[in-house]
Structures are given as structure tokens and as C-alpha cells.
Amino acid sequence: MASKSVAHLPNSYALSENAQTMRWSRYFIPTLREDPADAEVISHKLLLRAGVIRQLSAGIYSFLPLGQRIAIKVMQILREEMNAIGGQEFFLPALHPAEIWQESGRWYAIGDEMFRLKDRKGTDMVLGMTHEEVFTTIARSEIRSYKQLPQVWYQIQTKFRDEARPKSGLMRIRTFIMKDAYTFDVDRAGLDKSFIDQREAYKKIFTRCGLQFLIVEASSGAMGGSESNEFMAPSPAGEDVIVSCTNCDYAANLEKATSRLEAIADEPGPAVPEEFPTPGVRTIEDLTTFPGGADANRQIKSLVFIATIDGESRPVLVLLRGDHQLHETKLTDSLRATAVRPAHPDEIRELLGASAGSLGGVGAKNRSRDLRIVADSSLQNRRNMTTGANKDDHHLRGVDIARDIPVDEWFELRTVEAGEGCPRCETGTLEIFKGMEIGHIFKLGTKYSASMGATVLTQDGKEVPIVMGSYGIGVERIISAAVEQHHDDDGIIWPKSLAPFDVVVTITNMKQDDLRNAGEKLYEELQRAGFDVLLDDRDERAGVKFKDADLIGIPYRVTIGKKIADGMVELFDRSAKKSEDVRIGEVVAKLRQDRQD
Ligand SMILES: [Zn+2]
């Protein structure tokens, strides 16, 4: 058995494996020559082609031996960095009684993404998406005093999420491995410190995994809580949209991003709004070209939504500048709703007496007392605006928003556009690009401890809810992001910390005794030195072996060929795509040197 606990290898891990099995001829690596037809993003194609994963069903994948090696390396990095900030590893069940999710309220707040099932007695059960409820259950029965806090608890475990449209290989899947951590503090100041500890640990984790990433402000969504940061790996395959400043460190998810807009100087308008006929005008665009109409940025866009708030459906009139687009997540978050949907045409007519093309905020509350009016901040103090008259084929002009529309609340609701000003600094402009979420950290506050009754006694003897944070990283997301960010036309280029093997020893011709003997000897030496080494002893042409090694992305290949007669081998660097001739006796020292650099 090879010794893997070699001190000079920072990422070495303790797999008890039989050295004799690391032979490609015996090892299960089913590589594919062609791109699979149903794979669209690069990481999906390459992970399939390299024999890392196989699909079982939509959004459900198996890790083959190479995939398992990579996942173990990721998990080891996660463990080391969690332990370094005082984390204690748990292992909680994936199957939960629905009861605890009912206590937290998430049984009702979360929709079809949650896997729900019944046991043989008919009791509702849940397959866990995260573990706030289970950890809170442990905390409430065991923790009584501030003296027992803070606690940092984590686990690495399988989670379930019934994605509506699983796709892109490992990027959006229905069962996945997650490292989830939870912190328990007596007060906000404690949470702030725990949150920073986790954020710093996350930076180290992603850096060690060889990923490029940014930290962005994000929506907390169904998790609740006061503040959250996402860790994003920029990638064209990403499903999230990131907004960042060209000048300062402002970065946010599009669903949270704000911008600084150029002020618009409005001419004073009439003393009261004037109604005018607009036959056939249905859209903002129509009104820009209609005689006596208005430019889009002088119009008010009026949208009716039905929001689910505290389990009840409530109508909301949403006002935006005509040239702006609503971001529905921002609306949901601002209203503290669990869901929003556009109102149906018949609901709109019942509320406002007109069809969608002729709506407006003026007089809206007279028609519908329960209607809540919310507006995007860019409309504040605007006057002489044009909007629908709540009468088919009629509009109003000369609308002064402060004077004419009883806005209940002002929010940031518009979708930010590239080129708008940065909300944090004076000079920067915003750019927009795609990214993959690889981690998300939340200040939960007392959302779970209050609803589930997890309290402690403070130093003054007061009973207070525990202040919590939760912190998640997806193992498959890290693996996908690594491939998205590190590949070329020939295949994957694994970051050295994640590579399934450090080095492959390729014997170019198995029929030649001298090559075979030299290869076997070097393979054993590298193993003794603590490297994860694969011996390509297949009875294949050298070209096939090189192509496969490039595809699966092992950082180094040592090629045992004709030059062995002079004691030389070829050392190929997969990332630099460069090779050099090296004395066979110097290979171990050279690779060791590289690991230390
Ligand atoms: Zn800025």
C-alpha cells in the first residue's frame, strides 16, 4: 500500500488504495471520442467524454472512479478550511420529517423544488435541500447558555432539489453533494464575525481549487435573513448574471444590483393631468411614435402583479420608467413575498377597469382600495409624465408623481443595464457578464431560531433566540466551474489541487521490455514519493494514449519512449502544453519541486 500522508504534499489525501490498481489497463475510464449529442456546455461535454460522470436520469449523475477522486479532493479542501476556522463536522440525515419544515415555515414557502414523500404510515417526509431545520433542532435541545456559543457546525452531504429544468451536466442537478455550515451566536456582533470567518475560508477554498471568482451581493430568497453574498465563477456557461463596477469593488447579482442613473430634468406640466385619446396604443413603444405621445423615459410603465404574502394573494401595481424592465426577483424580495405572478387580463380589468395597454397609477386606489402601489426609485420626483388612464385607448399626460399617484413604497425594481453608473462610486460604470454560483453565505439572523424556539440565556439572564448564519458550497459546482475555466480543444486541464491524478506515466510501446520495465520502475518510485500516479500500460498506439491523457486533463505526463536508451524521458506539462527531455532519475525531484513552487 502506498503511503499518501506525505507532509510535503499540501493536497494529498488518505485514500487507502492498492498501488497495483492504478494501471490504466485495469482502471475504468470510459473516454469518448465524440461530443455527446445532448451536451451543450463545455463542462458537460468534457466530463462525459473524459469518463468522469455518467447520467442516470435527468439531473441525476453518477461519479465514475475519476469523478470520485476529484470529488474527494474537493471535499478534503472543504474539510481542511472549515476545520481551520473551528468547524466541527457532523453528518445529518437526508430524510427529514415534514414537521420541522412546517415549524420553520419553509414547508409552505418552498414550492415544487422540494422533494416531498410519505412514509408507510402516511407521515409527510422531506428529502433535505439544506439543513437549517435539523441543525436548529439539535441546537434548541442542547444549547442553553451563551457560554456554549459560538458554535460552528458543518457537514458534507447529499442534497435534493427537484429542478424544473435540470441541464448543463453537473451545473443544475437534482441530487448533489454540498458542504453546508451553520453558525450559532448569542448576538449580531457574533454573527458578523462568524460571517467574516466563513467568507475568508470560502476565499481560501476557491483559491485552492484554482478558480477565478468574485464575491457579489445577492438575494436571500427562500432562505430569508438580512444579508447574503454569493461566490461567482465567471463563465459563459453560467446561469447567473453578474453586475460589476469598472472602477471600484462593487459587484452584485443582477437580481440585487442597483445603478446610478443620469438625472432627467422635467419641464413643469399642467396643474392637473390631461386625458387624451390614444386609439390602438398598447405599448410604451407605440406611445413614443404616437402624435402627442412621449419618449419612453417620460412614460410610466404600469404592471399589475399578484403577490403571495403570508399565504394570501394580494394585488400590486408596479410602476417603472417606460424604458426600464422590471426584475421579478427584486419585486418578490421587496414585497417579502414568497411568489409573484403577472395578473391575468380579467383580474386586471376587475382591478382597474381597463386592459393592460391603458393602465396607470392615477386614481387607481379609487377603483381598487386594496391595491398596493409600489414604484421604482427612478420615478421619484418626476413630473410631466405620461401614463395610462385606466380607460381603454386613453392616456394621461402632465402627471406629477408626487402630486398625482399615492405610491405606498419606493423600491429598487428595475433591471440594471450595462453602461449605467455604479451605485457605490462616482466615476465607475457597470458591466454585465455571466457567472456560475459556486457558494452562497447568508446571515440568517433569528429566522429559524425564533420560529423553532432555539433560545439561550444571555449573560444578563435574558432568554434570546440564537443568531444564526448558513453557508453552502456545491461540490459539483466547483468541479463544473473548474472545467469551464480550465480546458482547451484537447480536453480538461485540471487545477493541480483537483486533478484525479498528479501524473500519468505513458509507456509508448508495451511490446518493448526496456520501455515497460522503465515505466514500471518510475511508476513505483512516484507512488513511493506520494504522487497520485496512473500508469498507462494499455496495449494502444502512443497517439491514442496521448489524446486520452490530454482529454482527462492530468497535469503531467511522463512519456517513456525511444530515448530511454539514453536514460531520457519526456515530461509534458498539460497546462503549458510544453514538453522537455528529462533524465528518468530526475523526474521525481522535478515534480516534487513543482509541487513546492
Ligand atoms: Zn464603483
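Here the structure is a predicted model, which is why all the values come from computation and not from measurement.

(A) Examining the overall build of the chain more closely. Assigned secondary structure in the chain consists of 16 helices and 31 strands. Overall, the chain is about 100 × 65 × 50 Å in size when its C-alpha atoms are taken along their principal axes. Out of the 597 residues in the chain, the part that is buried amounts to 53%. Taking all contacts inside the chain whose residues are at least 6 apart in sequence as the whole, residues at least 24 apart take part in 69%. When the accessible surface of the chain is split by element, carbon and sulfur atoms take 48% of a total near 26500 Å². One way to put it: in the chain the 77 positive side-chain charges average out to a point 3 Å from where the 90 negative ones average out.

(B) Inspection of the coordination of the zinc ion at higher detail. Each protein donor to the zinc ion is listed here as Cys-245 (SG), Cys-248 (SG), Cys-422 (SG) and Cys-425 (SG); together their distances run 2.2 to 2.3 Å. Coordination at the zinc ion is tetrahedral: its 4 donor atoms span angles of 103 to 116° at the metal. Sequence spacing among the residues donating to the zinc ion works out to C-x2-C-x173-C-x2-C. Here Cys-245 is found in strand β11 (residues 240–245), whereas its partner Cys-425 is found in the loop between β20 (409–411) and β21 (430–445), with 180 residues between them in sequence. On the basis of relative accessibility, which here comes to 8%, the residue Cys-245 falls in the buried class. For Cys-425, a relative accessible area of 13% translates into the label buried.

(C) The arrangement of unusual backbone geometry in detail. Cis peptide bonds are those with omega within 30 degrees of zero, and the linkage from Leu-149 to Pro-150 qualifies with 0°. Positionally, Pro-150 belongs in the loop between α5 (132–142) and β7 (151–160). Even without glycine at this site, Arg-336 takes up a positive phi of about 55°. Among the secondary structure elements, Arg-336 is positioned in the loop between α8 (328–335) and β16 (339–342). Backbone geometry at Asn-390 places phi at a positive 55°, although glycine is not the residue there.

(D) The arrangement of helix α15 (residues 542–552) in detail. Where α15 is concerned, the buried positions are Val-544, Lys-545, Asp-548, Ala-549, Asp-550, Leu-551 and Ile-552. Residue Gly-553 follows α15 closely and has a positive phi angle near 80°.

(E) Main features of the pairing of β7. Most of β7 is tucked away, with 9 of its 10 residues classed as buried. Pairing of strand β3 (residues 88–90) with β7, which is carried by 3 bridges, proceeds in the parallel orientation. Note on β7: the bridge partner recorded for Glu-89 is Tyr-154.

(F) Fine view of the environment of Thr-283. Tracing the sequence through the fold places Thr-283 in the loop between β13 (274–277) and α7 (284–289). A relative accessible area of 40% means that Thr-283 is categorised as partly exposed.

(G) Geometry of the nonpolar core. Ile-205, Trp-494, Leu-526 and Ile-560 are the most contacted members of the largest nonpolar core, which has 88 residues in total. Residues within four places of Trp-494 in sequence aside, it is in contact with Leu-47, Ile-70, Ile-479, Ala-482, Val-483, Ala-499, Pro-500, Ile-552, Gly-553 and Pro-555. Counting 26 residues, the second-largest nonpolar core is a separate cluster that includes Leu-92, Ile-143, Leu-149 and Tyr-448.

(H) Region of the structure containing the sheet that holds strand β6 (residues 124–127). The antiparallel open sheet is built from 3 strands, whose spatial order is β4-β6-β5. Of all the strands in the sheet, the pair left with one neighbour each is β4 (95–97) and β5 (115–118). When the angles between neighbouring strand axes are averaged without regard to direction, this sheet yields 35°. Pairing between β5 and β6: 4 bridges, direction antiparallel.

(I) Spotlight on the pairing of strand β28 (residues 533–536). Across the two faces of β28 the burial is the same, with Val-533 and Leu-535 and Leu-534 and Asp-536 all buried. Bridging between strand β27 (residues 503–507) and β28 involves 4 bridges; their strand directions are parallel. From the neighbouring strand, Val-503 faces β28, where its bridge partner is Val-533.

(J) Structural detail: the environment of Ala-50. By the element assignment, Ala-50 lies in the loop between α1 (42–49) and β1 (53–57). Owing to a relative accessible area of 0%, Ala-50 belongs among the buried residues under this scheme. In the structure, Ala-50 is positioned 17 residues away from Arg-33 in sequence and 9.1 Å away in space, judged by C-alpha atoms.

(K) Structural context of the sheet that holds strand β18 (residues 385–388). Here we have 3 strands laid out as an open sheet, ordered β13-β19-β18, and antiparallel in their pairing. Of all strands in the sheet, those bounded by a partner on one side alone are β13 and β18. Strand-to-strand, the axes of this sheet are offset by a mean angle of 30°, without reference to chain direction. By the bridge criterion, 3 bridges tie β18 to strand β19 (residues 394–399) in an arrangement that is antiparallel. Across the sheet, the residue bridging to Thr-387 is Leu-396, located in β19.

(L) Structural view of the confidence of the model for the chain. When pLDDT is averaged along the chain, the result is 93, and 95% of the positions lie at 70 or above. Segment residues 1–16: pLDDT under 50, and 36 contacts once partners within four positions in sequence are set aside and those in other chains are kept.

(M) Focus on the packing of aromatic side chains. The final tally for this structure, using the stated rule, is 13 aromatic pairs. With a centroid separation of 5.3 Å and an interplanar angle of 50°, the aromatic rings of Tyr-202 and Phe-231 are classed as tilted. Placement of the pair is Tyr-202 in helix α6 (residues 188–208) and Phe-231 in strand β10 (residues 227–234), with a sequence separation of 29 residues. Take Phe-231: its relative accessible area is 0%, and that puts it in the buried class. Following the ring pairs from residue to residue traces out a cluster consisting of Phe-90, Phe-135, Trp-153, Tyr-182 and Phe-184. It is Arg-116 that lies over the ring of Trp-107; its NZ or CZ is 4.6 Å from the centre.

(N) Structural view of the environment of Arg-23. Tracing the chain through its elements places Arg-23 in the segment before α1. A C-alpha to C-alpha distance of 9.5 Å links Arg-23 and Tyr-523, two positions 500 residues apart in sequence. Among residues more than four places away in sequence, those in contact with Arg-23 are Glu-520, Tyr-523, Leu-534, Leu-535 and Asp-537.

(O) Molecular detail of the packing of α1 against helix α13 (residues 475–485). Between α1 and α13, whose axes approach to 8 Å, the crossing angle comes to 100°. With respect to α13, the axis of α1 lies roughly perpendicular. Residues Ile-42, Ser-43, Leu-46 and Leu-47 of α1 pack against Ile-479, Ser-480, Val-483 and Glu-484 of α13. The residue inventory of the contact of α1 with α13, partitioned by class, reads 5 nonpolar, 2 polar and 1 charged.

Quick notes on the rules
- Residues numbered from 1 in each chain as written.
- Predicted model: local features only at pLDDT ≥ 70, side-chain atom pairs only at ≥ 80, totals over all residues.
- Heavy atoms only, no water.
- Helix = DSSP H or I, 4+ residues; strand = E, 2+ residues; numbered from the N terminus.
- Buried < 20%, exposed > 50% of the residue type's maximum accessible area, 1.4 Å probe, protein only.
- Contact = heavy atoms within 4.5 Å.
- Areas by Shrake-Rupley, 256 points an atom, 1.4 Å probe, with all protein chains shown as cover.
- Lys, Arg positive; Asp, Glu negative; His and termini not counted.
- Charge placed at Lys NZ, Arg CZ, Asp CG, Glu CD.
- Donors = N, O, S within 2.8 Å, 3.2 Å for Na, K, Ca; no water.
- Tetrahedral: all angles 85-135°; square planar, octahedral: opposite > 155°, others 65-115°.
- Pairing = 2+ DSSP bridges.
- Core = buried A, V, L, I, M, F, W, Y, C linked by side-chain atoms within 4.5 Å.
- Axes fitted to C-alpha atoms, helices over the stretch in contact; angles between N-to-C directions.
- pLDDT = per-residue confidence, 0-100.
- Phe/Tyr/Trp six-rings, centres within 6.5 Å; stacked < 30°, edge-to-face > 60°.
- Lys NZ or Arg CZ within 6 Å of the ring centre and 35° of its normal.
- Parallel < 35°, antiparallel > 145°, perpendicular 65-115°, else oblique.
- Nonpolar A, V, L, I, M, F, W, Y, C, P; charged D, E, K, R; others polar.

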